[in-house]
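Observations on the model geometry
Each chain is listed here by its residues.
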Amino acid sequence: MKTIFSTFFIIFSMQLNAQIAISFDRESPRINFGSERLMLELDRIGEDIRFLEDVPNGFSESKRLIIVAEKDSDWFREHIFESDQPQITNSKEAFRISSEGNKIYVIGNDESGALYGALELADRIKSEERLPENLDFSDHPEMVLRGTAIGMQKMNILPDRHVYEYPYTPKNFPWFYDKELWIKYMDMLVENRYNSLYLWNGHPFASLVKLEDYPYALEVDEETFRKNEEIFEFLTTEADKRGIWVIQMFYNIIVSKPFAEHHNIPTQDRGREITPLLEDYTRKSIAAFIEKYPNVGLLVALGEAMSGIENDINWFTNTIIPGVKDGMQRLGRKDEPPIILRAHDTDAPKVVQAAFPMYKNLYTTHKYTGESLTTYEPRGPWTKIHQDLSNLASVHISNVHILANLEPFRFGSPNFIQKTVKAMHEVHGANALHLYPQASYWDWPYTADKTAPRLLEMDRDWIWYSAWGRYAWQKERERNEEIEFWSDEFYKKYGTDRAASEQILTAYEETGEIAPKTLRRFGITEGNRQTLLLGMFMSQLVNPYKWRVYPGFYESTGPEGEILIEYAEKEFNNDPHIGETPLQIIQEIEAHGKKAVEAIDKAEPNVIKNKDEFIRLQNDIHAYKAFADFLSEKVRAAMLVLKYDHSGAKNALLKAIPHLENSLKHYRKLVELTEGNYFYANSMQTSMRRIPIGGDDGKYKKWSEMLPLYEQELENFRKNLNNIDSSVKSDSQDEKVKAWTPAEIKILSGKETYSVAVGSLVYDKMSAQIIKTAPEISKLTGVKFKEKNQIENGTILKFENTKPVKVVVGFFEDAEDKENLIAPTLENNAAGNIRGQADITIANALKLDGYPKINIHTYHFETGKNELQLEKGRVLILGFIPAVQKINSRDAGLVGKKSVDWLFQDSN
């Protein structure tokens, strides 16, 4: 931008007879940038402009003078006369634009305020095509931080690496080195009044700094390192001009791959102890980063790659904060760089309370309602977390995270977004926004649209950034004015008349309700473990808890209501319903889809500009309707299946078939709408995605891949109907199940074993006796551990195997009992499926005397000497099977009632 300014300065200085003069502090990067934008706009409308180094005492009444300044700055005191000083509110980023005679004052309470004031005046000139008169306008943002996120991450896991481990290299992120792209993105941010930018990465330090004590930790070559230094300095400098604070996020505890290999340790291990080596390396990495890039803040994620509140507090207060202070000391810096603490998978209030005595410039952030957008009526335990954090002596940031239920279709409901921002303020108490891309987070900067060249996410989803930025600045805006505002925006984009523009707004707002309502009422998780718009299997609708419903999900992600299994039970018992019901929601989403399609189709003939993009938007609206119709019909079938589950009436199952057939008809339409238009449905294409089906090796990422599975589901259902007596459900499936073949292994840890058979003791007490087992595990040999030792110290199993095996592990289902080890949870442990352990393979598979249900998970190990290490808590090691063992996931139903989802499984 220096080149642009120098050009303007020469031109304007030559225009001695210019009708407009402008004066501002050239030493301020932000005021300089804002004033340049103001001058560009004046030049565009044909005004003659002159730059003045000093503000004259007198100025020709026939000419106009614009003064851009920061209140009480040295330049302000030197150039603005006491009698000319406008009054301005004492708020961060506040500004006032006022005219007095032939002078226009653009005064900011700080540099950012002056920047925003200049941009506001430029916007008004653009809108009115002239320099306005009789100005007196003041403004300031309600949210103190308004930021967007970019993932320095990829759709797949790199070879020989783990999740989140992505060095900054041209091969991994070619776009990172594209300065024009960065300028385009940051211009978009400042136009929408964002003031922060978050970069997410597991361990960025080894790509950005060198350590004298650990030279081998650098994980990029020298040429790449120099490029990284240059681009990061460019990025932070250009961001600062626009009033944007760059925030580097990192996970704990992750170390670089070369460092790990040098010391023969893993790069990340959730259960490992904090050692002096890990402390020293991380502290020095942070210090070097703060010293080298003083304008960058830190976002600290204590969860996922470490566990235990004691460890979290220790690590934050004894490693991270001291590292920041070390960097400050080297710079001779007294002001504290901002540190943002992420609340995910930690007790953030305890961490902040421990840290405040030693560091004051702390912020907290938490996911709004998880990794999806589901409601503007949040409640429940997740809301309590936000409220507790907002009551601390720090600013609390609401993080609109991942958006797993919106991907990949266009979402841009201003009404939904405005109500959500209000909920952040009024319900959660948050006063800042941290916004993820609407789609394709893992594939940034591109979208999933099948175009050549590929669409940039910032261009396609312009309304996403515009709406969040607008309401983060000011949430209270009158509805009719908003309809007019957005209609004008659609007019600018598509050239449509007012009626057609309002139809486009209607289409956006009607589809804006479909995915949120669907997920909060029928989903398994709000996380990126589920890709909603690929659909769901019947077993996930009629037996959601087998698929590991994330705790607090139903209570927190929407208004009070009933999930499908609750609704069916109340229907059978003639009990009154409470809140949102499944039947209500499917009727509503069908209506939303119908209204949206009608509206977008009415608008289509009036589109004059950007026709290709409008057609893509129109296709998305039709796809949303096809999805709503598909899932609604499937839910109707599930209601009938659950009716059978309660009544035993086979006729209910027969009535379900037409609904499943209709569901497939709508899904085929969805395939037709997407196959030629999208590369994928979900940008996270790893084994961490589990619902509706595992995304291992990038499979099942398109609707066309899912269609045969849904067709097979219906075929299985038809076949299994033949096994049902009209009044008694058959257990014939159990009769066909064969026992898994035990694998040959050598236990190296000297543990006692037991047969997984009736009468065996899994612990050394009679209440731990096996009463019944699922057929699959009946021939296995378990490894016995002391129950108390597991609860206090965890479980370590060492063994040797000559062929790949799976370790069969039994988790107790009662998560409320703190002595039970919780089964792998991808929402809290990003590495929770690196051995294929995330899914329940056999639910309700073992019955012990006096113990809750036991679900089976399996852990894959390659040939050699191996170690399975589990965290503290009660858990069963039930044996070993060959890695190639065929496993049909099911509910064995040994404790309580057997789930009805067996009706949709392959009976062969």
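Thresholds applied
Residues numbered from 1 in each chain as written. Predicted model: local features only at pLDDT ≥ 70, side-chain atom pairs only at ≥ 80, totals over all residues. Heavy atoms only, no water. Helix = DSSP H or I, 4+ residues; strand = E, 2+ residues; numbered from the N terminus. Rg over C-alpha atoms; globule rule 2.2 N^0.38 Å. Buried < 20%, exposed > 50% of the residue type's maximum accessible area, 1.4 Å probe, protein only. Contact = heavy atoms within 4.5 Å. Areas by Shrake-Rupley, 256 points an atom, 1.4 Å probe, with all protein chains shown as cover. Lys, Arg positive; Asp, Glu negative; His and termini not counted. Charge placed at Lys NZ, Arg CZ, Asp CG, Glu CD. Pairing = 2+ DSSP bridges. Patch = residues over 30% accessible without salt bridge, like charges linked within 9 Å, V, L, I, M, F, W, Y side chains within 5 Å. Salt bridge = Lys/Arg side-chain N within 4 Å of Asp/Glu carboxyl O. Axes fitted to C-alpha atoms, helices over the stretch in contact; angles between N-to-C directions. Expected span 1.5 Å × (residues − 1). Core = buried A, V, L, I, M, F, W, Y, C linked by side-chain atoms within 4.5 Å. Parallel < 35°, antiparallel > 145°, perpendicular 65-115°, else oblique. Left-handed = near helix turned anticlockwise from the far one by under 90°. Nonpolar A, V, L, I, M, F, W, Y, C, P; charged D, E, K, R; others polar. Phe/Tyr/Trp six-rings, centres within 6.5 Å; stacked < 30°, edge-to-face > 60°. Lys NZ or Arg CZ within 6 Å of the ring centre and 35° of its normal.

Section: the overall build of the chain
Secondary structure summary: the chain contains 27 helices and 25 strands in total. The C-alpha atoms of the chain give 30 Å as radius of gyration, which agrees with the globular expectation for 908 residues (29 Å, within 12%). The dimensions of the chain, computed from C-alpha atoms along their principal axes, are 100 × 65 × 45 Å. Looking at the 908 residues of the chain, the share that counts as buried comes to 61%. Intrachain contacts of the chain at a sequence separation of at least 6 include 75% that bridge at least 24 residues. Counting every atom, the chain has about 35,200 Å² of accessible surface; 47% of that belongs to carbon and sulfur. Separation of charge centres in the chain, based on 111 positive and 135 negative side chains, amounts to 5 Å.

As for the pairing of strand β21 (residues 842-848)
β21 sits mainly inside the fold: 6 of its 7 residues count as buried. The sheet contact formed by strand β17 (residues 770-773) and β21 spans 3 bridges and is antiparallel. Note on β21: the bridge partner recorded for I770 is L848. In the sheet, β21 pairs with strand β22 (residues 854-861) via 2 bridges, with the strands oriented antiparallel. The residue of β22 that forms the bridge with L846 is I854. Between β21 and β22, which follow one another and run antiparallel, lie 5 residues, and G850 among them has a positive phi close to 85°.

Quick word on a negative patch on the surface
On the surface, E478, E481, E484 and D488 cluster together into a negatively charged patch. Position of E481 relative to the elements: it lies in helix α16 (residues 479-494).

Observations regarding the sheet that holds strand β12 (residues 362-367)
Strand order in the closed barrel made by the 8 strands is β7-β8-β9-β10-β11-β12-β13-β14, with parallel pairing throughout. Pairs of neighbouring strands in the sheet enclose a mean axial angle of 25°, with direction left out of account. Looking at chain direction, strand β7 (residues 145-151) and strand β14 (residues 432-435) are connected through 4 bridges and run parallel. By the bridge assignment for β14, T148 is matched with L435. Strands β9 (245-251) and β10 (296-301) of the sheet are contacted by helix α9 (residues 276-292), whose axis makes an angle of about 155° with β10. Relative to the sheet, helix α10 (residues 309-331) contacts β9, β10, β11 (339-342) and β12, its axis offset from that of β11 by approximately 150°.

Some details on the environment of R690
Mapped onto the secondary structure, R690 falls in the loop between α24 (650-674) and α25 (703-721). Here the alpha-carbon distance between R690 and T531, two residues 159 residues apart in the chain, equals 8.4 Å. Excluding residues within four positions of it along the chain, R690 makes contact with R529, G695, D696, L826, N833 and D839.

Here we look at helix α23 (residues 611-647)
In a regular helix each residue adds 1.5 Å, so 37 residues correspond to 54 Å; α23 covers 54 Å between its end C-alpha atoms and thus fits that length. Judged by how many residues are buried, α23 sits mostly within the fold: 28 of 37 residues are covered. Directly beyond the C-terminal end of α23, a positive phi value near 80° is found at G648.

What to know about the sheet that holds strand β6 (residues 136-139)
Spatially, the 6 strands line up as an open sheet ordered β2-β1-β3-β5-β4-β6, and their pairing is mixed. Whereas interior strands pair on both sides, the edge strands pair on one side only; in this sheet they are β2 (49-51) and β6. Shown here is a sheet whose adjacent strand axes are inclined to one another by a mean of 15°, direction ignored. Here 6 bridges tie strand β4 (residues 95-100) to strand β5 (residues 103-108), and the two strands are oriented antiparallel to one another. Across the sheet, the residue bridging to F95 is G108, located in β5. Taken strand by strand, helix α2 (residues 29-44) contacts β1 (20-24), β2 and β3 (64-70), and its axis lies near 170° from that of β1.

Topic: the nonpolar core
One finds W182, F316, W464, W468 and F717 to be the most contacted residues of the largest nonpolar core, which totals 209 residues. Ranked by residue count, the leading element in this core is α23, at 18 residues. For F316, the contacting residues outside a window of four places in its chain are V300, L302, I321, P322, I339, L341, V351, A355 and L362. Counting residues in hydrophobic clusters, the runner-up holds 28 residues, among them I97, I104, V106 and L119.

Points about the packing of helix α17 (residues 498-511) against helix α22 (residues 582-603)
In contact at an axis separation of 8 Å, α17 and α22 are set at 155° when each is read in the N-to-C sense. In this view, α17 runs roughly antiparallel relative to α22, as classed from their interaxial angle. As α17 packs across α22, the resulting crossing turns out to be left-handed. From α17, A500, Q503, I504, T506, A507, E510 and T511 reach across to α22, where they touch H592, K595, A596, A599, I600, K602 and A603. Looking at the contact of α17 with α22, its residues break down into 7 nonpolar, 4 polar and 3 charged.

So, the packing of α17 against α23
Where α17 contacts α23, the axes come no closer than 10 Å and their chain directions differ by 40°. Judged by the sense of rotation from one axis to the other, the crossing of α17 with α23 is left-handed. Two secondary-structure elements touch here, α17 through I504, A507, Y508 and T511 and α23 through F614, L617, I621 and Y624. The class makeup of the residues in the contact of α17 with α23 is 7 nonpolar, 1 polar and no charged.

Some details on helix α15 (residues 462-473)
Between its first and last C-alpha atoms α15 spans 17 Å; for 12 residues at 1.5 Å apiece the expected length is 16 Å, and the two agree. Burial of α15 is extensive: 12 of the 12 residues sit out of reach of the surface. Looking at α15, one finds that the buried residues are W462, I463, W464, Y465, S466, A467, W468, G469, R470, Y471, A472 and W473.

Description of the pattern of salt bridges
Counted according to the given criterion, the structure contains 69 salt bridges. When the shortest N-O distance is used, the salt bridge between E223 and K227 registers 3.8 Å. Linking E223 with K227, this pair stays in helix α7 (residues 222-241), spanning 4 residues, or about one helical turn. Here K702 ties to E675 by a salt bridge, and the two come within 3.3 Å at their closest N and O atoms.

Some thoughts on the environment of T841
In this structure, T841 sits in the loop between β20 (805-812) and β21. For the pair formed by T841 and G271, sequence separation is 570 residues and the distance between their alpha carbons is 24 Å. Discounting residues that sit within four places of it in the chain, T841 has contacts with W740, I856, H857, T858, I887, N888, S889 and R890.

Brief notes about the pairing of β1
Counting buried residues in β1 gives 5 out of 5 residues, a clear majority hidden from the surface. Here β1 shows no split at all, with I20, I22 and F24 on one side and A21 and S23 on the other all buried. Pairing between β1 and β3: 5 bridges, direction parallel. From the neighbouring strand, I20 faces β3, where its bridge partner is R64. Of the pairings in the sheet, the one linking β1 to β2 comprises 3 bridges and is parallel in character. Considered in β2, the bridge of A21 is made with R50.

Some details on the packing of aromatic side chains
Counting across every chain of the model gives 53 aromatic pairs. An aromatic cluster is defined as three or more aromatic residues linked by ring pairs; in this entry it consists of Y168, F173, W175, F176, Y177, W182, Y185 and W444. One cation-aromatic arrangement involves K154 over F173; the distance from NZ or CZ to the ring centre is 5.7 Å. Lying over the aromatic face of F485, R470 brings its terminal NZ or CZ to 3.6 Å of the ring centre.

Thoughts on unusual backbone geometry
Omega for the peptide link from N252 to I253 comes to 0°, which places this bond in the cis form. The residue after I691, namely P692, is reached through a cis peptide bond having omega 10°. Within the fold, P692 resides in the loop between α24 and α25. We note that D72 has phi near 65°; this positive angle belongs to a residue other than glycine. Along the chain, D72 falls in the loop between β3 and α3 (74-79). Phi is positive for S440, close to 60°, though the residue is something other than glycine. Counting through the fold element by element, S440 comes out in the loop between β14 and α14 (457-460). Look at S440 and you get buried, because its relative accessible area is 2%.

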